[in-house]
Amino acid sequence: MVNFELQPNLIQCFQSLDPHDITKMLTLLLQQKIEPGKTLLFLDEIQDCPNAIQSLRYFKEKMPALHVISAGSLLEFILNDASFRMPVGRVQSIYLKPLSFKEYLSATGFADLRKFLEEVTLQTAIEEPIHRQLLKLVREFMVLGGMPEVLQEYITSKSLNQCRIIQSSLLNTFRNDFGKYATRINHKYLQRIFEKVPSLVATHFKYAKVDSDMRSRDLKAALEMLRFAGLVSPIYATAGTGIPLLSLMNEKKFKLIFLDVGLVLCANKLDSEILFQEDVLLVNRGAIAEQFVGQELLVYSPYFEDTSLYFWHREKPASTAEVDYLTTVGTKIVPIEVKAGDTGQLKSLKIFMNEQNSNLGVRISQAPFCLKDKILSLPIYMVGEMSRLIKQYYSEQPTTLHE
């Protein structure tokens, strides 16, 4: 194993990109044989050695029998640097997200509940005891989030305090890593954005809200780097009058969600015990619920695509309206309204549906699963089934559902 952070002297081994030269030097310095077909060469903290990233292409071409794995943090900071030469044709981007709620169910011994959700149809009745159990579990997931180390600790110890310690450590690790990239972007802007976003989740983003004394231009560059790194995800305003939604978006009007809902709660220093007792969905006027829904939408998007999120906002005198998310299922644009409580008006959702002649709108809340007046009410634990159920709706055009 090579760790470029702990063994910076090994960086020199990659001055040549030829894998035969590299393995020869590593063998001498590590005093370990590196044999194709037998050895697994693990390159950790590879962001500290850009040449090692470039060498991966040549390991593939000249030494294909040698198994090589690399890992690192904030790799996008290196890959998007103007001076870095990408090994064209040999790099595939795969977007890894936190664990989903359904994965959480499987990991914590509730695989049967996951299977049940995946088999729900528009005609299925979800009994009250099952509904309540799933609401309890989704609230639990929001407190913990989807970071694997945190969930592993909870599965092992059931200690919320230990989970919070790990969450704090993850946040601090990201902050500390920013300092390594000060030559590319002043890390104080990265840190400031990173620290402020959890408290600004699901609100209209203004650079002045981050720090009124910092220049918007510098904050914008830092925000873009955090987006590249996957630590924040923008939700862009779009007119929503046609597909793709990208073609009608306003990139100057956006909201943000953070990497992980559990990290949001930790960064905002909300007490875990209280969150289990109170309704976590109502925290920050429903912003936590919007964070969770946006995070789930990203998790269930194709792993090979850099997926964007969208919302709809109309600014008219005495008639402002906003829909939390817009998504596309096939050729259909579907508006999604997130309601933290059991009840709530759907004025904006209905305005959008009337203006765009939509045949279906989605309300995500704690209310029971039902379909009525072209509104599909999904309990918040069913975000992962939304696309499938919308497809069923448009294929069958059902007129009744258990209420």
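Here, the structure is the one placed above.
Residue positions are given per chain, counting from 1 as you read along its sequence in written order. In view of the model being predicted, local features appear only for residues whose pLDDT reaches at least 70, and side-chain atom pairs are presented and counted only at 80 or more, with totals across whole chains, interfaces and linings using the full set of residues. Hydrogens are left out, water is left out, and the side-chain values use all remaining heavy atoms of the structure.

Engineer: So, the sheet that holds strand 10 (residues 370-372): which residues are in play, and what are the values?
Structural biologist: The strand order across the open sheet formed by eight strands is 5-4-6-7-8-9-11-10, and the pairing between neighbours is mixed. Every interior strand has two partners, whereas the edge strands, strand 5 (249-258) and strand 10, have only one. The mean inter-strand angle of the sheet, taken between neighbouring strand axes irrespective of direction, is 35 degrees. Strand pairing requires that DSSP identify at least two bridges connecting the strands. A run of H or I in DSSP becomes a helix once it reaches four residues, and a run of E becomes a strand once it reaches two; helices and strands are each numbered from the N terminus. In the sheet, strand 4 (residues 232-238) pairs with strand 6 (residues 309-314) via three bridges, with the strands oriented parallel. In the strand pairing of strand 6, Ile235 is matched with Leu309. When checking whether two residues touch, look at their non-hydrogen atoms; a contact exists if any pair is within 4.5 Å. Angles shown run from 0 to 180 degrees and are taken between the N-to-C directions of axes, each axis being a line fitted to C-alpha atoms and, for helices, limited to the stretch in contact. In the packing of helix 11 (residues 216-228) onto the sheet, the strands contacted are strand 4 and strand 5, and the crossing angle to strand 4 comes to about 110 degrees. With respect to the sheet, helix 14 (residues 287-299) is in contact with strand 4, strand 5, strand 6, strand 7 (321-329), strand 8 (332-338) and strand 9 (361-365), its orientation differing from that of strand 5 by roughly 105 degrees.

Engineer: Can you lay out the packing of aromatic side chains for me, pointing to particular residues and giving the numbers?
Structural biologist: Aromatic rings from Phe, Tyr and Trp, with only the six-membered ring used for Trp, were paired whenever their centres fell within 6.5 Å, and each pair was classed as stacked if the ring planes differed by under 30 degrees, edge-to-face if by over 60, and tilted otherwise. Tallied over the full model, the rule gives 14 aromatic pairs. Cation over ring: Lys255 sits above Phe311, and NZ or CZ is 4.4 Å from the ring centre. Remark: a charge is flagged as sitting over a ring if the NZ atom of Lys or the CZ atom of Arg is within 6 Å of the ring centre and within 35 degrees of the ring normal.

Engineer: Can you break down the layout of surface pockets residue by residue, with the values?
Structural biologist: We place a 1 Å grid over just the protein atoms. Points where a 1.4 Å probe fits but has no way out form a cavity, open points with protein on both sides within 12 Å along at least 5 of 7 lines form a pocket, and any residue with an atom within 4 Å of a point lines it. Grid points are joined across faces, edges and corners, and a volume is the space filled by probe spheres set on the points. Quantified by volume, the second largest pocket comes out at close to 580 Å³. Taken together, 24 residues line the second largest pocket, and the ones lying closest to its centre are Leu297, Ser301, Thr307, Thr327 and Thr328. Of all the secondary-structure elements, those providing two or more residues to the lining of the second largest pocket are helix 14, strand 6, strand 7 and helix 16 (386-396). For the lining of the second largest pocket, the element with the highest residue contribution is strand 7, accounting for five residues. Under the grouping applied here, Gly and all other residues not named as nonpolar or charged are polar, the nonpolar ones being Ala, Val, Leu, Ile, Met, Phe, Trp, Tyr, Cys and Pro and the charged ones Asp, Glu, Lys and Arg. When the residues that make up the lining of the second largest pocket are grouped by side-chain class, the tally is 13 nonpolar, seven polar and four charged.

Engineer: Quick one: what's the story with the sheet that holds strand 3 (residues 67-70), residue by residue and with numbers?
Structural biologist: Read from one edge of the open sheet, three strands run 1-2-3, paired in parallel fashion. Either end of the sheet is taken by a strand with one partner, and the two such strands are strand 1 (2-3) and strand 3. Bridge count for strand 2 (residues 40-44) against strand 3 is four bridges, and the pairing is parallel. Paired with Leu41 across the bridge in strand 3 is Val68.

Engineer: Quick one: what's the story with the side chain of Ser55, residue by residue and with numbers?
Structural biologist: Here Ser55 lies in helix 2 (residues 50-62). To sort residues, take the accessible area from a 1.4 Å probe on protein chains only and compare it with the maximum for the residue type: under 20% means buried, over 50% means exposed, and anything in between is partly exposed. Taking relative accessible area as the criterion, Ser55 reaches 0% and is therefore assigned buried. Contacts described as polar in this section are N or O atom pairs within 3.5 Å, which, within protein, must combine one atom able to donate a hydrogen with one able to accept it, while residues neighboring in sequence count only if both atoms come from side chains. Within the local environment of Ser55, its side chain forms a polar contact with the backbone oxygen of Ala52, the two atoms lying 2.7 Å apart. Those residues in contact with Ser55, other than ones at most four positions away along the chain, are Phe14, Leu17 and Ile22.

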